[in-house]
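# A look at the structure
Residue-level listing of the chains:
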Amino acid sequence: MSENLSNELENFMTIFVSSNDEYHDCWQPFFSLLKKNWKNCNVPIILNTGKVDFYFEDLNIYCPKAEKKFNRKLKWGFRFIESLKYVTTKYVLILLDDYFIQEQVNSQNIFELLEIMELENIACLQLVERKDILTHKTKYSELNELDQYAQYRFSFQISIWETAKLFKYLRYHENPWEHEHWGTRRSWILKDKFYCINNEYILKKGKPISSPPAGVIKKGKWDMNAVLHVQQTNEILIDTSNRGFHIGGIKRTMGQRIANKILNFPNYCFSLIHFGSMRLKIIFKTHFI
């Protein structure tokens, strides 16, 4: 990547790595692979930690340490939002801490996608092909638009967001799964544009950022197949001793599922109230202003 392009990306976009302190063993391999596979990466990076700092040579990483700031354990959404406030660029690239980058990133392709987002006023461009939901062709042969009422339209898959618009979908009390559920419903009424790359894009240019499709962590344990693939393709050794490997598990009983629903019921009520309030505001604005 040329120095000029590197500087351009630095001015337009921030990388936001969603994590927490319990996943600190992911950070060394994650950033080793980011540095290796994203040449001359000058893009500012926000690592969403609770109380811990982290440094990596030649990478511009800042840890907001939101839990240290508030002096208490924070819910996932609270920490995410407070950390996201440190993003000062118009666009933000959302990465999860176990989505290890396993192939070379073409920064020119990233920049071209940013230009399309700017031109078409796209709120979210998902850097994955969404075969799981209904999408529609656009005037860009390599990009599809996600259907307005598709399930799981909002996702924390690898995506570029317009930063200001991402805030509209976030709530302090919600966890990642609640955000994807309620964020999708918010997207049904907010009418923002959600795009994704399609198979034509991948065939011509490859994935903008390539990682194991479901990350390398499964239910808190390392996914052996994903880890082995990343190690083999990148000639890197990942220390897996801290959390061990996922080997399947016993399914939750009916009683455990009911208890979980009861535990999460207050969050459901809060989100439902927020969603209802949002709908009323939009209806009022549409019909009376």
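These notes cover the structure that comes with them. Owing to the predicted nature of the structure, the values given are computational and were not obtained by experimental measurement. Chains are numbered independently. Their residues run from 1 in the order of the written sequence. It should be noted that, the model being predicted, local features are given only for residues of pLDDT at least 70 and side-chain atom pairs only at 80 or more, the latter also being counted only at that level, while totals for whole chains, interfaces and linings use all residues. Working from all heavy atoms in the structure, the side-chain values ignore hydrogens and water.

## Quick word on unusual backbone geometry
Positive phi outside glycine occurs at Asp58, with the angle close to 75 degrees. The helix and strand labels rest on DSSP assignments: H or I over at least four residues marks a helix, E over at least two residues marks a strand, and numbering proceeds from the N terminus. Here Asp58 lies in the loop between strand S2 (45-48) and strand S3 (61-62). Although it is not a glycine, Lys219 adopts a positive phi angle of roughly 50 degrees.

## What to know about the sheet that holds strand S9 (residues 194-197)
Two modes of strand pairing occur in sheets, parallel and antiparallel, and in both the strands are linked by backbone hydrogen bonds. We call two strands paired when DSSP finds no fewer than two bridges between them. Here nine strands make up an open sheet; going across it, the order is S3-S2-S1-S4-S8-S5-S9-S7-S6 and the pairing mixed. Here the strands that pair on one side only, and so sit at the sheet edges, are S3 and strand S6 (135-137). Across three bridges, the pairing between S6 and strand S7 (residues 143-146) is antiparallel. Looking at the pairing, Thr135 lines up with Leu146 of S7. Of the strands in this sheet, strand S1 (13-18), S2 and strand S4 (91-96) touch helix H4 (residues 76-84), which is tilted by about 155 degrees from S1. Here, residues are in contact when the closest pair of their heavy atoms is within 4.5 Å. To obtain each axis, a line is fitted to C-alpha atoms, and for helices this fit is confined to the stretch in contact; angles are then taken between N-to-C directions over 0 to 180 degrees.

## Points about the side chain of Thr163
In this fold, Thr163 is placed in helix H6 (residues 163-167). Note on exposure labels: buried denotes an accessible area under 20% of the residue type's maximum, exposed denotes more than 50%, and partly exposed covers the range between, all computed with a 1.4 Å probe on protein chains only. In this structure Thr163 comes out as buried when scored by relative accessible area, which is 5%. A polar contact of 3.1 Å, which involves the side chain of Thr163, links it to the backbone oxygen of Thr89. For this analysis, a polar contact is any N or O atom pair within 3.5 Å, provided that within protein one partner can donate a hydrogen and the other can accept it, and provided that sequence-adjacent residues contribute only side-chain to side-chain pairs.

## Section: a nonpolar patch on the surface
Every patch collects residues that have over 30% relative accessible area and no salt bridge, joining them within 9 Å if they carry like charges and within 5 Å if they are nonpolar side chains (Val, Leu, Ile, Met, Phe, Trp, Tyr). In short, Shrake-Rupley with a 1.4 Å probe defines the accessible areas, and a residue's cover is counted only from the protein chains shown. Any carboxyl oxygen of Asp or Glu within 4 Å of a side-chain nitrogen of Lys or Arg constitutes a salt bridge here. Residues Met224, Leu228, Phe245 and Ile247 make up a contiguous nonpolar surface patch of about 390 Å² in total accessible area. Following the sequence through the fold, Phe245 ends up in the loop between helix H9 (224-234) and helix H10 (254-288).

## Things to note about H4
Counting buried residues along H4, nine of its nine residues qualify, which places the element largely inside the surrounding structure. When H4 is considered as a whole, its buried residues turn out to be Trp76, Gly77, Phe78, Arg79, Phe80, Ile81, Glu82, Ser83 and Leu84. On its buried face, H4 sits against S1, S2, helix H3 (66-70), S4, H6 and helix H7 (176-190).

## Looking at the packing of aromatic side chains
For Phe, Tyr and Trp, where Trp contributes only its six-membered ring, two rings pair if their centres lie within 6.5 Å, and the inter-plane angle classes them as stacked under 30 degrees, edge-to-face over 60, or tilted in between. Within this structure, the stated rule accounts for 23 aromatic pairs. With centroids separated by 5.3 Å and ring planes inclined at 70 degrees, the aromatic side chains of Trp76 and Phe156 adopt a geometry described as edge-to-face. Separated by 80 residues along the polypeptide, Trp76 in helix H4 and Phe156 in the loop between S7 and strand S8 (159-162) bring together distant segments of the chain. Aromatic ring contacts, followed pair by pair, group Phe16, Trp76, Phe80, Phe154, Phe156, Trp161, Tyr169 and Phe194 into a single cluster. Its end group placed over the ring of Phe78, Arg72 keeps NZ or CZ at 5.1 Å from the ring centre. In this scheme, the term charge over a ring applies when either NZ of a lysine or CZ of an arginine sits within 6 Å of the ring centre and within 35 degrees of the ring normal.

## Thoughts on the nonpolar core
If you look at the biggest cluster of nonpolar residues, it comprises 73 residues, and the most contacted ones within it are Met13, Ile15, Phe31, Leu34, Trp38, Leu93 and Ile209. The contacts of Phe31, once residues within four sequence positions are left out, are Val17, Ile45, Leu47, Phe54, Phe56, Leu59 and Ile61. As used here, the term nonpolar core means buried Ala, Val, Leu, Ile, Met, Phe, Trp, Tyr and Cys residues forming a set that is joined through side-chain atoms within 4.5 Å.

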